Amino acid sequence: MKHIVTKICVLAALFSVSHQSMASSGLSPNALPKIRFQYQMFCQGCHVGDGRGGKDVPDMRNHIGTFLSIPDGRRYLIQVPGSANAAIGDADLANLMNWIVTEFGGSSTPDDFIPYTGEEVGELRKSPLTEVVDYRKMLLQKIALNNGNVTEERE
């Protein structure tokens, strides 16, 4: 019985955190199952379930929001091949990216984060990046010059 109560409390806490993330991204809680499925289909292969990343794949946890501090960084998040070429519509990609930023961004996400729109995503997808690694390094240097120290170190 004690284990059941513990599991219920954990599930309630997870629901509360996910609900808060959804609210801060402007999405309804009803959208969460679809967005999580899309994350599994189009993002999880490289960034794994918790956003950790892998070899040559950046860790999004408490880091992805730093890209939102400059316009080029905001564009980058949509123009990376995984985003730009995902087999979903522009509005769905906007919702997915807004969820990713609020779910994994943690303290790196600016308080004044403006959610992506389908129209913005549609325009950005027209110019996907081809050289992602060097471009990301350049962006991180630019962000560091603007805001102080930013690193891409893994935990």
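Predicted, not measured: the structure shown is a model, and the values here were computed from it. Here the residue index of a chain counts from 1 through its sequence in written order. It should be noted that, the model being predicted, local features are given only for residues of pLDDT at least 70 and side-chain atom pairs only at 80 or more, the latter also being counted only at that level, while totals for whole chains, interfaces and linings use all residues. Side-chain numbers come from the whole structure's heavy atoms, not from hydrogens or water.

A. Main features of the state of the cysteines. By disulfide we mean two sulfur atoms from cysteines, separated by a distance within 2.5 Å. For the coordinates displayed, the defined rule picks out zero disulfides. For Cys46, which is in no disulfide, the shortest distance to another cysteine sulfur is to Cys43 and amounts to 8.8 Å.

B. Local environment of the packing of helix H2 (residues 32–42) against helix H6 (residues 90–104). Where helices are involved, their axes are fitted lines through C-alpha atoms of the stretch in contact, as for all axes, and angles between N-to-C directions lie from 0 to 180°. Secondary structure counts use DSSP, requiring at least four H or I residues in a row for a helix and at least two E residues in a row for a strand, with both numbered from the N terminus. Look at H2 against H6: their axes get within 10 Å of each other, and the N-to-C directions meet at 85 degrees. With respect to their mutual orientation, H2 and H6 come out roughly perpendicular. Along the contact surface, H2 presents Leu32, Lys34, Ile35, Arg36, Gln38 and Tyr39, while H6 presents Asp92, Asn95, Leu96, Trp99, Ile100 and Phe104. By the convention adopted, Pro, Cys, Tyr, Trp, Phe, Met, Ile, Leu, Val and Ala count as nonpolar, Lys, Arg, Asp and Glu as charged, and the other residues, Gly among them, as polar. When its residues are assigned to classes, the contact of H2 with H6 shows seven nonpolar, two polar and three charged. Comment on the angle field: the value is read as roughly parallel under 35 degrees, roughly antiparallel over 145, roughly perpendicular from 65 to 115, and oblique elsewhere. The contact definition used throughout considers only heavy atoms, calling two residues in contact when any of these lie within 4.5 Å.

C. Looking closely at the environment of Val121. Mapping Val121 onto the fold places it in helix H7 (residues 118–124). Put simply, Val121 and Ile78 are 43 residues apart on the chain and 6.6 Å apart in space, counted from C-alpha to C-alpha.

D. Structural view of the nonpolar core. Residues Leu96, Ile100 and Tyr116 are the most contacted members of the largest nonpolar core, which totals 32 residues. When residues of this core are traced back to their parent elements, those giving at least two are H2, helix H4 (71–79), H6, H7 and helix H8 (132–147). Per-element accounting of this core gives the leading share, eight residues, to H6. Beyond its immediate chain neighbours, meaning those up to four positions away, Leu96 contacts Ile35, Gln38, Tyr39, Cys43 and Ile88. Joining through side-chain atoms within 4.5 Å is the link that ties buried Ala, Val, Leu, Ile, Met, Phe, Trp, Tyr and Cys residues into a set, and such a set is a nonpolar core. Relative accessible area decides the class of each residue, using a 1.4 Å probe on protein chains only: under 20% of the type maximum gives buried, over 50% gives exposed, and in between gives partly exposed.

Keep in mind that these numbers describe shape and distance, not what the molecule does.
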